[in-house]
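# Commentary on secondary and tertiary structure
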Amino acid sequence: QVQVVESGGDLVQPGGSLRLSCAASGSIFSIYTVGWYRQAPEKQRELVAAIADGDSTNYTDSVKGRFTISGDNAKTTVYLQMNSLKPEDTAVYYCNVNGVLRGSRDLFTSWGQGTQVTVSS
């Protein structure tokens, strides 16, 4: 009922920048939080950044000052601007959208398929 699609992943040199996009569509009444997660090989998936109602944001310590999460008012499109990228940022990045379904007004949580970010010279 809700589709989430990430895009923007690429191979980039250390110190470079990328902007990831997360687009949510379907039977959405409202979205209250969107989170960007990442998972490196043989590591657990971790929350990188999140944006919530009122545009409050939070970041994991390792990306503070380098990454910025933002979105439109409805949060159907959310971006992750990543600057000063490091090799340790290499991972598959996933978008997680949480909200309320149109019609039933049930809560939902949906994940995208992920987009690969590789930071290497």
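Before reading further, recall that the structure is shown in the block above.
All of these numbers come straight from a predicted model, not from anything done at the bench.

### So, the pattern of salt bridges
What the rule picks out here adds up to 5 salt bridges. A salt bridge links Asp55 to Lys75; its shortest N-O distance comes to 3.4 Å. One end of the pair, Asp55, is in the loop between strand E5 (46–52) and strand E6 (57–59); the other, Lys75, is in the loop between strand E7 (67–71) and strand E8 (77–82), and 20 residues separate them in sequence. If you follow the salt bridges from partner to partner, you end up with Arg38, Glu46, Arg66 and Asp89 in one network.

### With respect to the nonpolar core
Proteins that are soluble and globular tend to have nonpolar side chains buried together. Core analysis: the biggest nonpolar cluster contains 30 residues, and Trp36, Leu80, Met82, Tyr93 and Val97 have the highest contact counts within it. For this core, the elements supplying multiple residues, two or more each, are strand E1 (2–7), strand E3 (18–26), strand E4 (28–39), E5, E7, E8, strand E9 (91–101) and strand E11 (115–119). The greatest single-element share of this core, amounting to 5 residues, is contributed by E9. Not counting residues up to four positions away in its chain, the partners in contact with Met82 are Gly16, Ser17, Leu18, Leu20, Arg66, Phe67, Tyr93 and Val117.

### Some details on the pairing of E7
Across 5 bridges, E7 lies against E8 in antiparallel orientation. Paired with Thr68 across the strands is Gln81, a residue of E8. Linkage of E7 to E8, two consecutive antiparallel strands, is achieved through a turn of 5 residues, within which Lys75 is found at a positive phi near 65 degrees.

### Some thoughts on the sheet that holds E7
The strands making up a sheet associate through hydrogen bonds between their backbones, and the pairing can be parallel or antiparallel. Pairing in this open sheet of 4 strands is antiparallel, and the strands run E1-E3-E8-E7 from one edge to the other. Edge strands, defined here as strands with exactly one partner in the open sheet, are E1 and E7. Recorded for the sheet is a direction-independent mean angle of 15 degrees between the axes of neighbouring strands.

### Focus: the pairing of E11
Of the two faces of E11, only the one carrying Thr115, Val117 and Val119 is buried; Gln116 and Thr118 on the other face are not. With 2 bridges connecting them, strand E2 (residues 11–12) and E11 associate as parallel partners. Looking at the pairing, Val12 lines up with Val119 of E11.

### What to know about the state of the cysteines
Inspection of every chain in the model, using the stated rule, returns 1 disulfide. Disulfide pairing places Cys22 opposite Cys95 at an S-S distance of 2.0 Å. With the S-S dihedral at roughly -75 degrees, the linkage between Cys22 and Cys95 falls on the left-handed side. Of the two residues, Cys22 sits in strand E3 while Cys95 sits in strand E9, which places them 73 residues apart along the sequence. As far as the burial class goes, Cys22 and Cys95 line up, both buried.

### Quick word on the packing of aromatic side chains
Scanning all chains against the criterion turns up 1 aromatic pair. Stacked on the ring of Tyr79, the Lys or Arg Arg19 has its end atom at 4.0 Å from the ring centre. The ring of Phe29 carries Arg105 above its face, with NZ or CZ at 3.6 Å from the centroid.

Rules and cut-offs
- Residues numbered from 1 in each chain as written.
- Predicted model: local features only at pLDDT ≥ 70, side-chain atom pairs only at ≥ 80, totals over all residues.
- Heavy atoms only, no water.
- Salt bridge = Lys/Arg side-chain N within 4 Å of Asp/Glu carboxyl O.
- Helix = DSSP H or I, 4+ residues; strand = E, 2+ residues; numbered from the N terminus.
- Core = buried A, V, L, I, M, F, W, Y, C linked by side-chain atoms within 4.5 Å.
- Buried < 20%, exposed > 50% of the residue type's maximum accessible area, 1.4 Å probe, protein only.
- Contact = heavy atoms within 4.5 Å.
- Pairing = 2+ DSSP bridges.
- Axes fitted to C-alpha atoms, helices over the stretch in contact; angles between N-to-C directions.
- Disulfide = S-S within 2.5 Å.
- Phe/Tyr/Trp six-rings, centres within 6.5 Å; stacked < 30°, edge-to-face > 60°.
- Lys NZ or Arg CZ within 6 Å of the ring centre and 35° of its normal.

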